Amino acid sequence: MNTAHYQAIVAAPGFALGVRCADDEITGIDFLESRPEQAPVTPLAAEAVRDAYRAISDGRANLPPVGYLGFPAAHGDCHIKYGHIAGDAVFAVKIASGFYDNPAKGLPSSSGVVLVFSALTGQMEALLADEGYLTDLRTGLGGAVASLALCRPDARRFVIVGSGTQAYWLARSLRHLMPKAEIAIWGRDPARALALAARLQGATVAPDLEQACRSADVILTATPAAQPLIRAEWIGLGCHITA
């Protein structure tokens, strides 16, 4: 976790997160009452994601293998991720779950918590009880930042395959980073795709996946589908895919 990004998150008005500790004493606590779905996608957050990519490329990042727990009977999984960027004052451990039948139960599909520790003393500095918000934001920005870095400079038509939480944050991140992007949403459930597009600024629904893929400059997949949805012959010359 980028130190400046962490400091901005815990200080941000409206959704300060978790517990801050000093000398083994809790000095402040402010848990979220709900997932901040309307929280802004900020330039600071986008730059933190870019810096993480740079750190991985230039060797500054220490990223051990991801821990994984699968819950096939519940159509869910849990990932444990941790890392540190050389020179940062803190390192982070994240536990994030995805249970994909939850929306039918009136629950979000993702949840999680982030523990932040001092890289100098090992003491816990914060517990970010964000209910998966940071994972959702980082995943959306990660896909958007990578897509814009790797796609053609003249790319304008973006197709998001999926209509859930990740698709929402991908679309919002793309809109923040590229305000003039043409964003289309396709989902296996047309009603969910329509509902998602209605929540997003300037997004449209793609009624036919093949047609949408054939005309896309960039395709971003945000689905736990177990079977292929996109065929190779649908992909045009120069189209970039983030999956």
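Numbering of residues begins from 1 in every chain and follows the order in which that chain's sequence is written. Reporting of local features is limited, given that this is a predicted model, to residues whose pLDDT is at least 70; pairs of side-chain atoms are given and counted only at 80 or more, and all residues count toward the totals for whole chains, interfaces and linings. To obtain the side-chain values, all non-hydrogen atoms of the structure were included, while hydrogens and water were left out.

**Regarding helix 3 (residues 133-150)**
We count a stretch as a helix when DSSP gives it H or I for four or more residues in a row; a strand needs E for two or more, and each element gets its number in order from the N terminus. Working rule for helices: expected span equals 1.5 Å times residues minus one. Here helix 3 is 18 residues long and its end C-alpha atoms lie 26 Å apart, about the 26 Å a rise of 1.5 Å per residue gives. Burial analysis of helix 3 places 13 of its 18 residues in the buried class, which makes it a mostly covered element. Throughout, exposure labels follow a simple rule: accessible area from a 1.4 Å probe, protein chains only, divided by the maximum for the residue type, with under 20% read as buried, over 50% as exposed, and the rest as partly exposed.

**Points about the confidence of the model for the chain**
Here the chain averages 87 in pLDDT, while 84% of its residues score no lower than 70. Residue-level confidence of the predictor is summarised by pLDDT, bounded by 0 at the bottom and 100 at the top. Here, two residues are considered to be in contact whenever any of their heavy atoms come within 4.5 Å of each other. This model gives residues 4-26 a pLDDT under 50, and the stretch forms 55 contacts once residues within four places in sequence are excluded. For the stretch residues 29-34, pLDDT sits under 50, and the model shows 15 contacts to residues farther than four places along the chain or on other chains.

**Structural notes on helix 2 (residues 43-58)**
The end-to-end C-alpha separation of helix 2 is 22 Å, in line with the 22 Å expected for 16 residues at 1.5 Å each. Among all positions in helix 2, only Ala45, Ala46, Ala48, Val49, Asp51 and Ala55 are buried. Taken from the residues just after helix 2, glycine 59 is the one with a positive phi, measuring 90°.

**Description of the packing of helix 3 against helix 4 (residues 165-177)**
It is the contact of helix 3 with helix 4, at a shortest axis distance of 8 Å, that shows an interaxial angle of 50°. Classified by the interaxial angle, the pair formed by helix 3 and helix 4 is oblique. As helix 3 packs across helix 4, the resulting crossing turns out to be right-handed. For the pair helix 3 and helix 4, the contacting residues are Tyr133, Asp136, Leu137, Thr139, Gly140, Leu141, Gly143, Ala144, Val145 and Leu148 in the first and Thr165, Gln166, Trp169, Leu170, Ser173, Leu174 and Leu177 in the second. Its residues assigned to classes, the contact of helix 3 with helix 4 comprises ten nonpolar, six polar and one charged. Fitted lines through C-alpha atoms give the axes, limited to the stretch in contact for helices. The angle between two N-to-C directions lies from 0 to 180 degrees. In this scheme, roughly parallel covers angles under 35 degrees and roughly antiparallel covers those over 145, while 65 to 115 is roughly perpendicular and the rest are oblique. Here is the rule for handedness: rotate from the far helix to the near one, and if that takes an anticlockwise turn smaller than a right angle the crossing is left-handed, while a clockwise turn gives right-handed. Here the term charged refers only to Asp, Glu, Lys and Arg, the term nonpolar to Ala, Val, Leu, Ile, Met, Phe, Trp, Tyr, Cys and Pro, and the term polar to all other amino acids, Gly among them.

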